[in-house]
Structures are given as structure tokens and as C-alpha cells.
Amino acid sequence: MEGPLARLDERVSRSLVDLVPRGLSELGADLGNMTVALPVLACAMAYAAWRGRRAQALCAGGTMALVPLLVIPLKEWTARPGPLEPWAAGYYPSGHTATAMVAYVGAAFLVSNRLIPLAALLTALTGAGLILRGYHWPLDVLASVALCVPLLRWPVVAARYGRPARS
């Protein structure tokens, strides 16, 4: 990628990589792994279904299924190289950030809205870990957040149409 925004992104990234111990940034980055985030969402979906909110649980699962359908084509189309692997392509947008955001925010909506700040924190820790470890450029992470905000409208729709009508 070329241009002033890409150059700024690269400068910011270089100043942030390895700013904290690698083990700490790796821990944050790992929060976006499917093996970590999907079980959290699956447990929340099971809880919601058990509580009679099957439509919301299905919407959460469907939203997670949309993540790779949106992220992978964008990665292929942009073919942006990574900070640590300039020979590799497909880093924009961050799939780990998108996975974390949809899984944790989706789980929070299914269990309790009071958990939304925790979900936001887990998503932020994922993005920060990816940037600080050098796995992603900052704009990769921001693009994933922007991409996932519209996806997370499902709780509003499912909550509106999943409730019994008031008499």
C-alpha cells in the first residue's frame, strides 16, 4: 500500500511493536483466536437458547458465520503485506479483531448488557496485542472494528422481534 495514510500507519506501527513484553502482547493477540473466542460465544448461545432466546442465539451464530465471508474477500482484494512478513499478503482487515469483537460483544448481548464493557475491553486487548506484537498494522485493526459495528446490529433486531408483544 502506498500513500500518506499507509506511511503514517507504518510509522505508528514501528513505534509500537515490542513496546510491551512479547508474552503480554501475545496474550492479547490470542484473545482473537477462534479457539478462544468461539467457545465463549458458543456458551453464551447455549445459555440464551436455554433461557428461551433461540432467535437471538441463532442470530449470534449467523453473525459469526458472516465474519469470514466479509473478511477473507477483503484480505484477498487488498493483499496488504504484514508488518513482520512483508512477503506475505492478506493482513487487511484483521480477522482476529473481527472474531474477537463479534464473539465477545455477541456473547455479552446474549448474557447481559452489563458485560458489554468487558466485551469491548477484550476486543481492545486483542487489537492492542496484535499491533504491539507486530502481527497487524493499526489500520488493519481499526478496519475490522468498523466492519463489525454494522454486523452487531443483530441484537437490536433479534431483541425487538424476539420478545412477546405487550398487551
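The following paragraphs examine the structure supplied in this document. No experiment lies behind these values; they were computed from the predicted model shown. (Residues numbered from 1 in each chain as written. Predicted model: local features only at pLDDT ≥ 70, side-chain atom pairs only at ≥ 80, totals over all residues. Heavy atoms only, no water.)

### Regarding the overall build of the chain
Stage number 1. Secondary structure summary: the chain contains 8 helices and 0 strands in total.
Stage number 2. Ordered by position from N to C terminus, the α and β elements of the chain give α-α-α-α-α-α-α-α.
Stage number 3. Contacts spanning at least 24 positions in sequence make up 75% of the contacts within the chain whose residues lie at least 6 apart.
Stage number 4. Split by element, the accessible area of the chain, about 9,400 Å² in all, is 68% carbon and sulfur. (Helix = DSSP H or I, 4+ residues; strand = E, 2+ residues; numbered from the N terminus. Contact = heavy atoms within 4.5 Å. Areas by Shrake-Rupley, 256 points an atom, 1.4 Å probe, with all protein chains shown as cover.)

### Some remarks on the nonpolar core
Stage number 1. Counting residues in hydrophobic clusters, the biggest one holds 24 residues, and the most contacted among them are Leu41, Met64, Val67, Val102, Tyr104, Leu110 and Cys148.
Stage number 2. Taken together, the elements giving at least two residues each to this core come down to α3 (34-50), α4 (54-78), α5 (95-111) and α7 (138-151).
Stage number 3. Looking at this core element by element, the count peaks at 10 residues for α5.
Stage number 4. When near neighbours in sequence (up to four residues on either side) are disregarded, valine 67 contacts Ala98, Thr99, Val102 and Leu151. (Core = buried A, V, L, I, M, F, W, Y, C linked by side-chain atoms within 4.5 Å. Buried < 20%, exposed > 50% of the residue type's maximum accessible area, 1.4 Å probe, protein only.)

### Focus on the environment of glycine 95
Stage number 1. Mapped onto the elements, glycine 95 comes out in helix α5.
Stage number 2. Residue glycine 95 is classed as buried on the basis of its relative accessible area, which comes to 17%.
Stage number 3. Those residues in contact with glycine 95, other than ones at most four positions away along the chain, are Val71, Lys75 and Ser144.

### Quick word on the packing of α3 against α4
Stage number 1. With their axes 7 Å apart at the nearest point, α3 and α4 run at an angle of 160° to one another. Between α3 and α4, the interaxial angle falls into the category roughly antiparallel. Relative to α4, α3 is oriented so that their crossing is left-handed. Judged by residue contacts, Leu38, Leu41, Met45, Ala48 and Ala49 of α3 engage Arg54, Ala57, Ala60, Gly61 and Met64 from α4. (Axes fitted to C-alpha atoms, helices over the stretch in contact; angles between N-to-C directions. Parallel < 35°, antiparallel > 145°, perpendicular 65-115°, else oblique. Left-handed = near helix turned anticlockwise from the far one by under 90°.)

### Description of the pattern of salt bridges
Stage number 1. Under the counting rule described, the total for this entry stands at 1 salt bridge.
Stage number 2. The salt bridge partner of arginine 133 is glutamate 26, with a shortest N-O separation of 2.9 Å. Remark: glutamate 26 occurs in helix α2 (residues 22-30) and arginine 133 occurs in helix α6 (residues 116-133); sequence separation between them is 107 residues.
Stage number 3. In this structure arginine 133 comes out as buried when scored by relative accessible area, which is 13%.
Stage number 4. Residue classification places glutamate 26 among the partly exposed residues on the basis of a relative accessible area of 24%. (Salt bridge = Lys/Arg side-chain N within 4 Å of Asp/Glu carboxyl O.)

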